[in-house]
Amino acid sequence: KNPWNRLDFAIVVASVLDETLARLLAGEEVDLTALRVLRIFRILRAMRPLRIIARARGLKVLTLTLLSSVKPVVNTSAIAFSVFAVLGILGMQLLSGKMHSCTDSTRWHKSECVGYSADGELREWLNYDVHFDNIIEAM
């Protein structure tokens, strides 16, 4: 009669059916991907703690408070993302293509960054790990 008991029963039946069919068909050349659908019902086990929340008044209030805070958190995240996007675009406008350096720390200009350094390493004009050449890196 209790819906939670029905949920538990459905999960157990799906698990037993999945295990039984998997063991019976394991030796044969049968595609077992269709049985993976039954494993989805095991995810419903995560709903079991909701029993406690439904019974305890304090946990129910706490859960409702957390759920009501989702909308303000999403709004705040959207504002923060917008600010990061605007600053990223500004950084791209000011610094795009200007965040390069030579692998030889004694050379500062691209025209000087040719040949080999005193250590015998090849000089290369490379972009920094953090740069403003595209919007994803700029944000």
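None of the values given here were measured: they were computed from a predicted structure.

For the protein, the count of helices and strands is 6 helices and 2 strands. Relative to the compact-globule value of 14 Å for 139 residues, the protein shows a C-alpha radius of gyration of 30 Å, a clear excess of over 25%. Each of the three principal axes of the protein carries a C-alpha extent, and together these read 80 × 50 × 25 Å. For the protein, the proportion of its 139 residues judged to be buried stands at 16%. Taking all contacts inside the protein whose residues are at least 6 apart in sequence as the whole, residues at least 24 apart take part in 52%.

Side chains of Ile79, Val83, Leu87, Leu90, Leu94 and Leu95 sit close together on the surface and give an oily, nonpolar patch of about 550 Å² of accessible area. You can see Val83 is positioned in helix H5 (residues 70-95). What makes Val83 partly exposed here is its relative accessible area of 43%.

Our focus in this paragraph is the pattern of salt bridges. For the structure on display, the rule yields 1 salt bridge. Where Arg23 meets Glu19, a salt bridge forms, and the shortest distance between an N and an O atom there is 4.0 Å. Taken together, the residues Arg23 and Glu19, both in helix H1 (residues 3-24) and 4 residues apart, mark about one turn of the helix. On the accessibility criterion, Arg23 (67% relative accessible area) is exposed. Classification of Glu19 by relative accessible area gives partly exposed; the value is 35%.

Side chains that are three or four residues apart share a direction in an α-helix, a result of its 3.6 residues per turn. Along its 26 residues, H5 runs 36 Å from first to last C-alpha, staying within 8% of the 38 Å computed at 1.5 Å per residue. Packed against the buried residues of H5 are helix H6 (135-138). Taken from the residues just after H5, Gly97 is the one with a positive phi, measuring 80°.

What counts, and where the lines are drawn
- Residues numbered from 1 in each chain as written.
- Predicted model: local features only at pLDDT ≥ 70, side-chain atom pairs only at ≥ 80, totals over all residues.
- Heavy atoms only, no water.
- Helix = DSSP H or I, 4+ residues; strand = E, 2+ residues; numbered from the N terminus.
- Rg over C-alpha atoms; globule rule 2.2 N^0.38 Å.
- Buried < 20%, exposed > 50% of the residue type's maximum accessible area, 1.4 Å probe, protein only.
- Contact = heavy atoms within 4.5 Å.
- Patch = residues over 30% accessible without salt bridge, like charges linked within 9 Å, V, L, I, M, F, W, Y side chains within 5 Å.
- Areas by Shrake-Rupley, 256 points an atom, 1.4 Å probe, with all protein chains shown as cover.
- Salt bridge = Lys/Arg side-chain N within 4 Å of Asp/Glu carboxyl O.
- Expected span 1.5 Å × (residues − 1).

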